[in-house]
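Each chain is listed here by its residues.
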Amino acid sequence: MRRGRRTYGTGDGVIGGVIGGPIGAAAGRAAAGACVVMLAACAPAGTGTGAAGSATPAVSRTAPSKAPSTAPPAGPPGVMPRTGEVRPIERTGGLPPVISSIPTKRKVVFLTIDDGWEQDPGFTAQIRDQRIPVTAFAMRDAVEAKGTPDEAGGRARYVGAGKWGYFRQLRDAGVPVENHTLTHPDLRLLGRDAQRREICGAAKLIGKQVGARPTLFRPPFGVYNTDTLTAAENCGVTAVLLWTATVQPGGKIAYQVPDKRLRPGDILLMHFRPNLARDFRVLVEKIRRRGYELGNLQAYLAAARVR
Ligand SMILES: [Zn+2]
């Protein structure tokens, strides 16, 4: 089920599911147009691959029995929710909830990144070294470079470079790898069985390749119907994740809400595209300049009782 043109990012702009979560409704209508997303990096690509610590033998001289103060903090990256901060997200009709933003009043936003065409090793190093919380939604045909992405984000250099190995590196860098179908179809055009093949097939593949079965699902283009939610439920999905804003080349945020501002709990969507590291750096600086922190999505979903 291949579509003529691979969406490299621009394709994910359409939101507007049939069911639409409590938050998705408003965003859905405004979403229409382009939604490219991209983030860029912060760490200079040349700063190595995490071996810096081992290159400084003097560091242990002062306190050999204790971890030096420069040791990286343990645990998952990103801001964690405070007790009582997050309101519960309810399931609707026994199906996984559709979530466009996290119900919190804290100035925290969440970064997600879709597809998997461009596999720049510098981005992985950036995420790992700076402990930036990101959730990836992998799509098989992008990861395996079946087809040709457009060049809307610039000239590609690493299309399918590491294939699933790249996503294993992301996993090792603290990035949960979640489900974005096998072939990126408009799921509303498929019957329940075909939808199930897309979602369960990707879940199984990711489980095999990355070592952990996904529990979150992002429908291509942000569109879905009741069959999608049923299929997702059958494939082990606990929540369907949409978004409130996309990140375009250059780190520009394209809001899908009328007031054009970041809001607490926003979920930002970007894509694995060329210049990701640069755009990512711009975006992260912008978010922090506006007084927002980057949250750990999985911890916030757990606090919202999504499981
Ligand atoms: Zn996509």
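Since we're looking at a predicted model, the values are computed, not measured.

A. Just the packing of helix α2 (residues 121-130) against helix α7 (residues 276-289), in detail. Where α2 contacts α7, the two axes come as close as 9 Å, and the packing angle between them is 30 degrees. Considering their axes alone, α2 and α7 lie roughly parallel with respect to each other. On α7, the residues that touch Gly122, Phe123 and Gln126 of α2 are Leu276, Ala277 and Phe280. Taken together, the residues of the contact of α2 with α7 break down into four nonpolar, two polar and no charged.

B. Quick look at α7. Compared with an ideal rise of 1.5 Å per residue, which puts 14 residues at 20 Å, α7 spans 20 Å between its outermost C-alpha atoms and is within 8% of the ideal. Of all the positions in α7, only Leu276, Ala277, Arg278, Asp279, Phe280, Val282, Leu283, Val284 and Ile287 are classed as buried. Summarising the contacts, the buried residues of α7 are in contact with β2 (108-115), α2, β7 (245-248) and β10 (293-294). Phi for Gly291, located one or two positions after α7, is positive at around 85 degrees.

C. Summary view of the nonpolar core. If you look at the biggest cluster of nonpolar residues, it comprises 74 residues, and the most contacted ones within it are Ala136, Phe167, Val240 and Leu268. With seven residues, the single largest contributor to this core is α7. With near-sequence residues (within four places) excluded, Ala136 lies in contact with Ile113, Phe167, Leu170, Val175, Val177 and Glu178.

Basis of the calculations
Residues numbered from 1 in each chain as written. Predicted model: local features only at pLDDT ≥ 70, side-chain atom pairs only at ≥ 80, totals over all residues. Axes fitted to C-alpha atoms, helices over the stretch in contact; angles between N-to-C directions. Helix = DSSP H or I, 4+ residues; strand = E, 2+ residues; numbered from the N terminus. Parallel < 35°, antiparallel > 145°, perpendicular 65-115°, else oblique. Contact = placed C-beta atoms within 7 Å. Nonpolar A, V, L, I, M, F, W, Y, C, P; charged D, E, K, R; others polar. Expected span 1.5 Å × (residues − 1). Buried ≥ 20, exposed ≤ 12 C-beta atoms within 10 Å, placed from the backbone. Core = buried A, V, L, I, M, F, W, Y, C linked by C-beta atoms within 7 Å.

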